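Read off the chains here:
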Amino acid sequence: MCYHIFLAAGPDELARHFGRKADLNRNFRPPCRVCAFSHLPYPILTRDEQIQYASWGLIPYWIRKTEDTVTLRNQTVNARAETIFENASFRVPIRQRRCLVPVSGFYGWRHEQNRKIPLYVTLKERPLISLAGIFDCWYCSATAALTMTFSIITTEANPLMRYVDNANCRMPVILRPDDEERWLNPELSDRQIAALLKPYPEQELYSEPVRCDFMHEAAADPGIVVPA
């Protein structure tokens, strides 16, 4: 699964890398470790020329009651590639509202007897990684506020990630640079979309254990990615 991500790039660097504008930066400052269940604003890339900011945990546009969003968004931080076209929360966004979720790396937990060992995973040759995501916009009639939310898509793990996430054997979908703008193309068919939802080659990934208490440190503490 993918519940913790790390981003070391700020709005200006993201804008240069992806060819977007960074006017709506909302004071986002890296480095930043983000937990899925904090639901804090995080930069995502859509077809818009601006970098967008959305909360992690997708709220479908059709939800009516505010109280229904609280539990639901904790269940939609990840979307399984195998069922995404049938899932009621995801079947419209996967076809119409796809996004890139930029990260420097992400975390996984290896289970060994009574221990959980956190590992940081990144790409060997790329300082910025694009995870495949979907987004939606939810309108709250009580407050007249529009909330943008997103989910990260996961797929079956490659051999390296089966070692890292040996309890669930899942990994986020990582897009190659040549596929990033293609992923955002609204004209893709279901078959073309599904073809991009594959495990990333293990030989291009790198993982290392980090401190077991990294989640208890400040999100902006660079030590949370220092090898243990």
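This report concerns the structure included in the present document.

A separate point is the sheet that holds strand β2 (residues 32–35). In sheet architecture, strand pairing relies on hydrogen bonds along the backbone and comes in two forms, parallel and antiparallel. Spatially, β2-β1-β7-β8-β13 is the arrangement adopted by the five strands of the open sheet, whose pairing is antiparallel. The sheet is open, and its two borders are formed by β2 and β13 (205–209), each paired with just one other strand. Along the sheet, successive strands turn relative to each other by an average axial angle of 30°, direction set aside. Here four bridges tie strand β1 (residues 4–7) to β2, and the two strands are oriented antiparallel to one another. Opposite Leu7, over in β2, you have Cys32 as the bridge partner.

It is worth spelling out the nonpolar core at this point. Counting residues in hydrophobic clusters, the biggest one holds 62 residues, and the most contacted among them are Ile5, Val101, Phe150, Ile153 and Trp183. Per-element accounting of this core gives the leading share, five residues, to strand β9 (residues 129–140). When sequence neighbours within four positions are dropped, the list of residues in contact with Ile5 reads Cys32, Arg33, Val34, Tyr42, Trp56, Val101, Val103, Gly105, Phe106, Tyr107, Leu131 and Ile152.

What follows deals with the environment of Glu202. One can find Glu202 in the loop between α6 (190–195) and β13. Here the alpha-carbon distance between Glu202 and Pro43, two residues 159 residues apart in the chain, equals 26 Å. With sequence-adjacent residues up to four places away left out, Glu202 is seen in contact with Asn158, Pro159 and Leu160. Looking at Glu202, its side chain comes within polar contact range of the main-chain nitrogen of Leu160, at 3.2 Å.

The buried fraction of strand β8 (residues 115–123) amounts to seven of the nine residues, a majority that puts the element mostly inside the structure. Judged from the seven bridges that link them, strand β7 (residues 105–112) and β8 form a sheet pairing that is antiparallel. Paired with His111 across the bridge in β8 is Lys116. Linking β7 to β8, which pair antiparallel, is a turn of two residues; within it Gln113 sits at a positive phi near 55°.

We now examine helix α2 (residues 66–75). Of all the positions in α2, only Thr69, Leu72 and Arg73 are classed as buried. For α2, the buried positions fall inside an angular range of 100° around the axis, keeping them on one side. Opposite the buried face of α2, at more than 90 degrees from it, the exposed residues are Glu67, Val70, Thr71 and Gln75. On its buried face, α2 is in contact with β4 (52–56), β9 and β10 (145–156).

What follows concerns the state of the cysteines. Counted under the stated rule, the structure contains zero disulfides. With no disulfide of its own, Cys2 has Cys35 as its nearest cysteine by sulfur position, at a separation of 11 Å. Cys137 supplies the cysteine sulfur nearest to Cys140, a cysteine that is in no disulfide, at a spacing of 14 Å.

To continue, consider the pattern of salt bridges. Using the criterion set out here, one finds eight salt bridges in the structure. Here Arg97 ties to Asp136 by a salt bridge, and the two come within 3.2 Å at their closest N and O atoms. Placement of Arg97 in the loop between α3 (93–96) and β6 (98–103) and of Asp136 in strand β9 is noted, with a sequence separation of 39 residues between them. Each of the two residues, Arg97 as well as Asp136, counts as buried. Among the ionic pairs, Arg110 bridges to Glu112, the shortest N-O distance being 2.9 Å. What makes Arg110 buried here is its relative accessible area of 16%. Look at Glu112 and you get partly exposed, because its relative accessible area is 31%.

Cut-off values and rules
- Residues numbered from 1 in each chain as written.
- Predicted model: local features only at pLDDT ≥ 70, side-chain atom pairs only at ≥ 80, totals over all residues.
- Heavy atoms only, no water.
- Pairing = 2+ DSSP bridges.
- Helix = DSSP H or I, 4+ residues; strand = E, 2+ residues; numbered from the N terminus.
- Axes fitted to C-alpha atoms, helices over the stretch in contact; angles between N-to-C directions.
- Core = buried A, V, L, I, M, F, W, Y, C linked by side-chain atoms within 4.5 Å.
- Buried < 20%, exposed > 50% of the residue type's maximum accessible area, 1.4 Å probe, protein only.
- Contact = heavy atoms within 4.5 Å.
- Polar contact = N/O pair within 3.5 Å; in protein donor to acceptor, adjacent residues only side chain to side chain.
- Arc of directions from axis to C-beta.
- Disulfide = S-S within 2.5 Å.
- Salt bridge = Lys/Arg side-chain N within 4 Å of Asp/Glu carboxyl O.

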